[in-house]
Amino acid sequence: MPEKTLSPGATIGILGGGQLGRMLALAVARLGMKTHIYCPDPNSPAFEVTPHKTVAGYDDEKALAAFADAVDVVTYEFENVPVQTAHILEKLKPLAPNSGALAVAQDRLAEKDFLTRNTIAVSPFRAVHTRDDLHKGLADIGLPAVIKTTRLGYDGKGQRMIKTADDVDEAYAALEDGLPLVIEAFVPFDKEISVIVARNGHGQVQCFDPAENVHENHILKTSTVPAAITDLTADDARSIARKIAEALDYVGVLGVEFFVVPGENGAAATLLVNEIAPRVHNSGHWTEAVCMTDQFEQHIRAICNWPLGNPARMADVVMENLIGDEINGLPGTLSQSDQPHVYGKLEARPGRKMGHINHISANAPAK
Ligand code: AMP
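Here is a short report on the structure shown in this document.

Conventions adopted
Residues numbered from 1 in each chain as written. Predicted model: local features only at pLDDT ≥ 70, side-chain atom pairs only at ≥ 80, totals over all residues. Heavy atoms only, no water. Helix = DSSP H or I, 4+ residues; strand = E, 2+ residues; numbered from the N terminus. Buried < 20%, exposed > 50% of the residue type's maximum accessible area, 1.4 Å probe, protein only. Contact = heavy atoms within 4.5 Å. Polar contact = N/O pair within 3.5 Å; in protein donor to acceptor, adjacent residues only side chain to side chain. Near = heavy atom within 4 Å. Areas by Shrake-Rupley, 256 points an atom, 1.4 Å probe, with all protein chains shown as cover. Nonpolar A, V, L, I, M, F, W, Y, C, P; charged D, E, K, R; others polar. Pairing = 2+ DSSP bridges. Axes fitted to C-alpha atoms, helices over the stretch in contact; angles between N-to-C directions. Parallel < 35°, antiparallel > 145°, perpendicular 65-115°, else oblique. Left-handed = near helix turned anticlockwise from the far one by under 90°. Lys, Arg positive; Asp, Glu negative; His and termini not counted. Salt bridge = Lys/Arg side-chain N within 4 Å of Asp/Glu carboxyl O.

What follows deals with the environment of Asn 213. Position of Asn 213 relative to the elements: it lies in strand E11 (residues 211-216). Residue Asn 213 is classed as buried on the basis of its relative accessible area, which comes to 7%. In this structure, the C-alpha to C-alpha distance between Asn 213 and Val 318, residues 105 residues apart in sequence, is 9.8 Å. Discounting chain neighbours no more than four positions away, the residues touching Asn 213 are Glu 192, Ile 193, Ser 194, Leu 220, Thr 222, Ser 223 and Ser 283. One polar contact links Asn 213 to Ser 223, side chain to side chain, over a distance of 2.7 Å.

Structure representation (structure tokens):
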């Protein structure tokens, strides 16, 4: 963990060269620091905006050592950085978020165990190491259920719905290569929300307003702020996010995704945590348009041990992801109050996040 405060002129090492690394690099430049991006893919979008880069594999110990030597702190923009890579780097330079947070967030079972240990509610789940485990697990948690790989799942990849007993064998066969798996009860949620929380090395914590997220084809399509939830639910979401950051001794920005389950007979809604992401998050891109400090600057402030910025929101906003060839309409579709962000990816493949637009409302926030 970074103990000292880094000054302008410092170099921030970022593992991963996707759009999140690119947006972090832009925030770093604004604070008078430099980035060094490490990524195996020579066509990474973040390489276009960084003064220093390394193209090498995450298992290349020589390249990792040279990278560590060249930077003042190491962070990452995706949770599938091998934990072994994090262990190598954290011996050489401060790593934020820490490798324990990375290990928890990249394995759905470790994540659910961690949340449960910390009395944070998740959908009932069971580990699945064999077909027999699946049958026993379903007998415990009931149908419908969702079966997921524990690792490397994103945007709905590596998961299947099990609606009836007839779906069980096919779902198992489809995911068997990714054992162990996790089976969880299907949540009859009303909506999905997320909270982006930041914590620095002095333990200061700030949360952005909860966003309401809508997915299309399992990919985030829009994040709307404010979310249509009660103040009580919003406060609950913030306090759960803070509790997670503290329990992980987390430094940096963390995304927490929730299911909002409506209460019965007028009771308050309950929140179940679906997933945590140890990084800046797609559902926080709206912050760059309407917050006093955005999630990218907040992450850099946190890992450099700077005082965190004010996350207050100055307008209502809808963030819309541009997926695949949706990017092609730009700039013709933009209205005056649309703020576009284009990631500079070479090829607009189907399902690929190419950019986003923050549609900024003239409304001042309600409070
Ligand atoms: P995940 O990869 O776990 O974030 O899941 C992707 C999406 O699938 C979520 O955002 C939900 O829309 C849906 N989903 C995942 N797990 C469940 C569940 N247990 N119950 C209902 N919907 C789910």
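From this point, things continue past the structure.
Relative to the helices and strands, Leu 248 resides in the loop between helix H8 (231-247) and strand E13 (252-261). Distance from Leu 248 to Phe 114, taken between C-alpha atoms, is 9.2 Å for residues 134 residues apart in sequence. Ignoring anything within four residues of it in the chain, the contact list for Leu 248 reads Asn 98, Ala 101, Val 104, Phe 114 and Ile 276.

Near the ligand you find 15 residues, and of these Arg 108, Lys 148, Glu 184, Val 187 and Glu 192 are the closest. Measuring from an oxygen atom of the ligand, one finds a side-chain N or O atom of Arg 108 at 2.9 Å. One nitrogen or oxygen atom from the side chain of Glu 275 is found 3.1 Å from an oxygen atom belonging to the ligand. Computed on the free molecule, the ligand has an accessible area of 480 Å², of which 91% lies beneath the protein chains in the complex. Secondary structure elements with two or more residues in the shell around the ligand: strand E6 (145-149), strand E8 (181-185), E13 and strand E14 (270-277). Residue composition of the shell around the ligand, by class: six nonpolar, three polar and six charged.

Spatially, E5-E8-E6-E7 is the arrangement adopted by the four strands of the open sheet, whose pairing is antiparallel. Each having just a single partner strand, strand E5 (125-128) and strand E7 (159-162) make up the two edges of the open sheet. Adjacent strand axes in the sheet meet at a mean angle of 20°, parallel and antiparallel pairs treated alike. With five bridges connecting them, E6 and E8 associate as antiparallel partners.

Working note: a packed helix pair is described by the angle between its axes plus the distance between those axes. Put simply, helix H1 (residues 19-30) and helix H10 (residues 295-303) touch, their axes get as near as 8 Å, and they point 70° apart. As far as their axial angle goes, H10 and H1 are roughly perpendicular. Where H1 crosses over H10, the handedness of that crossing is right-handed. Packed against H1, whose contacting residues are Leu 20, Met 23, Leu 24, Ala 27, Val 28 and Arg 30, the element H10 presents Phe 296, Glu 297, His 299 and Ile 300 at the interface. When its residues are assigned to classes, the contact of H1 with H10 shows seven nonpolar, one polar and two charged.

Turning next to the side chain of Glu 192. Its location among the elements puts Glu 192 in strand E9 (residues 191-199). Despite being buried, Glu 192 has no salt bridge partner; Lys 148 is the closest side chain of opposite charge, sitting 8.2 Å away. A polar side-chain atom of Glu 192 sits 3.2 Å from a polar atom in the side chain of His 215. Other than its neighbours up to four places away in sequence, Glu 192 contacts Ala 211, Glu 212, Asn 213, His 215, Phe 258 and Phe 259.

Let us now look at the pairing of E13. The element E13 is largely enclosed, with a buried count of 10 among its 10 residues. Of the pairings in the sheet, the one linking E13 to E14 comprises seven bridges and is antiparallel in character. Note on E14: the bridge partner recorded for Val 256 is Ile 276.

Okay, the sheet that holds strand E2 (residues 34-38) next. Taking strand neighbours across the sheet as the criterion, the four strands line up as E3-E2-E1-E4 in an open arrangement whose pairing is parallel. Looking at strand neighbours, the two that pair on one side only are strand E3 (52-54) and strand E4 (73-76), the edges of this open sheet. With direction set aside, neighbouring strand axes in the sheet form an average angle of 25°. Both strand E1 (residues 11-15) and E4 contribute to a ladder of four bridges, which runs parallel. Across the sheet, residue Ile 14 finds its bridge partner in E4, namely Thr 75. Set on the sheet, H1 makes contact with E1 and E2; between it and E2 the angle comes to about 160°. Together, E1, E2, E3 and E4 form the strand contacts of helix H2 (residues 61-70), whose direction differs from that of E2 by roughly 170°.

A word on the pattern of salt bridges. With the rule as written, the count across this model stands at 21 salt bridges. The salt bridge involving Arg 126 is made with Asp 140; its shortest N-O contact spans 3.0 Å. Here Arg 126 is found in strand E5, whereas its partner Asp 140 is found in helix H6 (residues 131-141), with 14 residues between them in sequence. Measuring nitrogen to oxygen at the nearest pair gives 3.0 Å for the salt bridge that ties Asp 169 to Arg 131. Taken together, the residues Asp 169 in helix H7 (residues 168-175) and Arg 131 in helix H6 connect sequence positions 38 residues apart. Here the salt bridges share partners, and the residues they tie into one network are Asp 209, Asp 235, Arg 238, Arg 313 and Asp 316.

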